[in-house]
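# An overview of the molecular structure
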Amino acid sequence: AHPMEQLYVFGTGNAAVIHYYNTCFAIRNEDRFFMVDAGGGNGILQILDKMNVQYSQIHDLFVTHEHTDHLLGVVWMVRFIATRMLNGTYDGDLNIYCHDQLTSTIDTFCRLTLQGKFYRLIGDRIHLIPVHDGETLSIMDYEVTFFDIHSTKARQFGFTTTLKNGKKLTWVGDEPYNPICAPYVEGSDWLLHEAFCLYGERERFKPYEKHHSTVMDAARLAEELHIGNLVLWHTEDKSAGRRKELYLNEGKQYYHGNLFVPDDGEILEL
């Protein structure tokens, strides 16, 4: 039997939301979590508490890029894990993976905002590990391949991995899929993709000017690529309360696989 693998959805909003937390998540395998991004603030701490995730279960954190809504929560994760390292309730080390131009940014944020006793753990028990385009690392028994998503804004990496259940899962970052990334994305059973808003609301939210997709665009893409399971997030929040219904209605017109529009705090079975 395969270990039970789950997708813990911590946040689902884009950078400009107030009703959701910013998009971040983790893959759970047995009792360990591979965490991806941490959102824009200490809201991540409340979400982890609500979802019963212990800091001691997180030893691997991947930071995709330097934008506020992905990075600032990382400083809080470092602070809270460092506190536990110092008081003896966190065994082992914390590995923070990011592209090679981001390590110094994270280091600087921590140096400027954390007390010295916490900051000194970086390089000791907290490791900033640079990853390169196309590089594969072994993380929690997963072979995780990182790739440059060829962002038009800030340099950003996504990743792909094969789960213990044999399914391929890919996160293409918070911008529309770029065909240059096809080698990493093709054959994915799970595609995690951004959807800024409904196609029907493109005049209101102007996704294309901001280099984002609509639900329709992401759904068409997943259909074209024969993706079995599509998760849409990194969305606007003016539709909060009705988002799931609205997005599923639009998406299902173009995509015939399993479509998920999770809320913050949801757990999906992988």
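Residues numbered from 1 in each chain as written. Predicted model: local features only at pLDDT ≥ 70, side-chain atom pairs only at ≥ 80, totals over all residues. Heavy atoms only, no water.

### Points about the pattern of salt bridges
Two side chains bearing opposite charge may form a pair once their charged atoms approach each other closely. Keep this limit in mind: A side-chain nitrogen of Lys or Arg and a carboxyl oxygen of Asp or Glu constitute a salt bridge if their distance falls within 4 Å. Here a strand is any run of E in DSSP of at least two residues, a helix any run of H or I of at least four, and the numbering for each starts at the N terminus.
Enumeration according to the criterion identifies 11 salt bridges in this entry. A salt bridge links Asp93 to Arg125, with the shortest nitrogen-to-oxygen separation between them at 3.8 Å. Placement of Asp93 in the loop between helix H2 (68-87) and strand S5 (94-99) and of Arg125 in the loop between helix H4 (116-119) and strand S6 (126-131) is noted, with a sequence separation of 32 residues between them. Overlapping salt bridges, with partners in common, bring together Arg243, Lys244, Asp263 and Glu266 in one network.

### Describing the packing of aromatic side chains
Short version of the rule: The criterion for an aromatic pair is that two Phe, Tyr or Trp rings (for Trp, the six-membered ring) have centres within 6.5 Å, with stacked assigned to planes under 30 degrees apart, edge-to-face to planes over 60 apart and tilted to the rest. Each residue is placed in one exposure class: buried if its accessible area under a 1.4 Å probe, protein chains only, is under 20% of its type's maximum, exposed if it is over 50%, and partly exposed if it falls in between. Criterion for a charge above a ring: Lys NZ or Arg CZ within 6 Å of the ring centre, and within 35 degrees of the ring normal.
Inspection of the entire model under this criterion finds 13 aromatic pairs. Look at Phe25 and Phe159: their rings are 6.5 Å apart centre to centre, the planes differ by 25°, and that puts the pair in the stacked class. Here the residue Phe25 occupies a position in strand S2 (residues 24-29), and Phe159 occupies one in strand S9 (residues 157-162), the gap between them amounting to 134 residues. Just as Phe25 is buried, Phe159 falls in that class too. Here a set of aromatic residues connected by ring pairs shows up, and it is made of Phe25, Phe34, Phe62, Tyr97, Phe146, Phe159, Trp171 and Trp233. The lysine or arginine in question, Lys164, covers the ring of Tyr142, its NZ or CZ lying 5.0 Å from the ring centre. One cation-aromatic arrangement involves Arg202 over Tyr199; the distance from NZ or CZ to the ring centre is 3.8 Å.

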